[in-house]
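Spelled out, the chains give:
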Amino acid sequence: MKKSLATVDVGEQFEGFLFIKAVEKGIASNGKPFLTIFFRDKTGEIEAKLWDITKEDEEAFTPETIVHVLGDIRQFRGKLQLNIRNLRLTNETDGVRIEDFMEKAPVEVEELKDFLTQIIFEMRNPKIQRITRAIVKKYEEDFYTFPAATKNHHEYRSGLAHHVISMLKIAKQLVNLYPELNQDLLYAGIILHDIGKVKELSSPMTPTYTLEGKLLGHITIMVEEISQVAKELEIDGEEVLLLQHMVLSHHGKAEWGSPKPPLIREAEVLHLIDLMDAKINMMNRALKKTKPGEFTERIYPLDNRALYKPTIE
């Protein structure tokens, strides 16, 4: 059976087609240049080293290129790494396409759309509902194709929508448990909190940060968007201010990127749900590649911990 990046083990040889996600040039201790290449297939990613590179190598092996790779799987600082023995560009006879390497959300887009439509329909506050519906409609195509991040969590096609829908499902349970929560405000905050990433990031396939993303960030982008849409719809009142605060505070702390800490109950709940869903997604994807009775690779955003996968069912 052909190996994927999710199923390779230390000591094995890998041969197959991979997509170059990113490339970094470095200088080895012997003074010779090398490339750190980040490969991906539909199942995951792996870092690789190409030693003693030439000028031709630098020009050929660039991001968004498909290559045929032969190499050995090793472990470095708790993570799998591919040591390249042979690397070549693909050609038409290889019969591979970029789509073959694009990881996507485990839920079909139509299912995500149906759930979001129902959530917006359930909103009772007309101002919150109209603003939310207008922004989703404006960015609908990108919302259902973009990842939620460039790395760490939901970093795959439709990852942004998958992240939002997962958060909404958690929120529905919490609203039942804590009926004091303002359902409309919480749901709208979840839907809007990360939509600014469709402007912050460049593309669904190999996302990098745009100039707007680097200088403003998705939080600032969406706070301004809420204000603009409210003006276009001739909506004013506390609802607009509260939606902006939900977005401003969803990272929780200044050191985590929030201009303001959560100052209303629903904003604190949004932050906790966001954190929970991101962490569970990271853990699930790492554990999926791990055999029972073994530890995952170290997960940097989770304090660089390696998680144990129990043998019990």
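Note that the coordinates shown come from a computational prediction; the quantities given were computed from them, not determined experimentally.

## Let's talk about the overall build of the protein
Within the protein, the secondary structure is distributed over eleven helices and five strands. Computed over C-alpha atoms, the radius of gyration of the protein comes to 22 Å, within 12% of the 20 Å expected from 2.2 N^0.38 for 313 residues, which places it in the range of a compact globule. Dimensions along the principal axes, computed over C-alpha positions, put the protein at roughly 65 × 45 × 40 Å. Contacts in the protein between residues at least 24 apart in sequence constitute 57% of all its contacts with a sequence separation of at least 6. Here the protein has roughly 16800 Å² of accessible surface; of this, 51% comes from carbon and sulfur atoms. Taken as two groups, the 42 positive and 49 negative side-chain charges of the protein have centres that lie 3 Å from each other.

## Details of the environment of Glu111
Examined against the element boundaries, Glu111 turns out to sit in helix α2 (residues 109–122). Overall, Glu111 belongs to the partly exposed group, its relative accessible area being 48%. On a C-alpha basis, the gap between Glu111 and Ile165 in space is 9.8 Å, while along the polypeptide they are 54 residues apart.

## What to know about the sheet that holds strand β2 (residues 33–41)
Around the barrel, which closes on itself, the five strands sit in the order β1-β2-β3-β5-β4 with mixed pairing between neighbours. Between one strand and the next, the sheet's axes are offset by a mean angle of 50°, whatever the strand orientation. Two elements, strand β1 (residues 13–27) and β2, share eight bridges in a ladder whose sense is antiparallel. For Ala22, the partnering residue across the bridge sits in β2 and is Phe38.

## Regarding a nonpolar patch on the surface
Side chains of Leu211, Leu215 and Leu216 sit close together on the surface and give an oily, nonpolar patch of about 350 Å² of accessible area. Topologically, Leu216 is positioned in the loop between α8 (211–215) and α9 (217–232). Owing to a relative accessible area of 46%, Leu216 belongs among the partly exposed residues under this scheme.

Each value, and the rule that gives it
Residues numbered from 1 in each chain as written. Predicted model: local features only at pLDDT ≥ 70, side-chain atom pairs only at ≥ 80, totals over all residues. Heavy atoms only, no water. Helix = DSSP H or I, 4+ residues; strand = E, 2+ residues; numbered from the N terminus. Rg over C-alpha atoms; globule rule 2.2 N^0.38 Å. Contact = heavy atoms within 4.5 Å. Areas by Shrake-Rupley, 256 points an atom, 1.4 Å probe, with all protein chains shown as cover. Lys, Arg positive; Asp, Glu negative; His and termini not counted. Charge placed at Lys NZ, Arg CZ, Asp CG, Glu CD. Buried < 20%, exposed > 50% of the residue type's maximum accessible area, 1.4 Å probe, protein only. Pairing = 2+ DSSP bridges. Axes fitted to C-alpha atoms, helices over the stretch in contact; angles between N-to-C directions. Patch = residues over 30% accessible without salt bridge, like charges linked within 9 Å, V, L, I, M, F, W, Y side chains within 5 Å. Salt bridge = Lys/Arg side-chain N within 4 Å of Asp/Glu carboxyl O.

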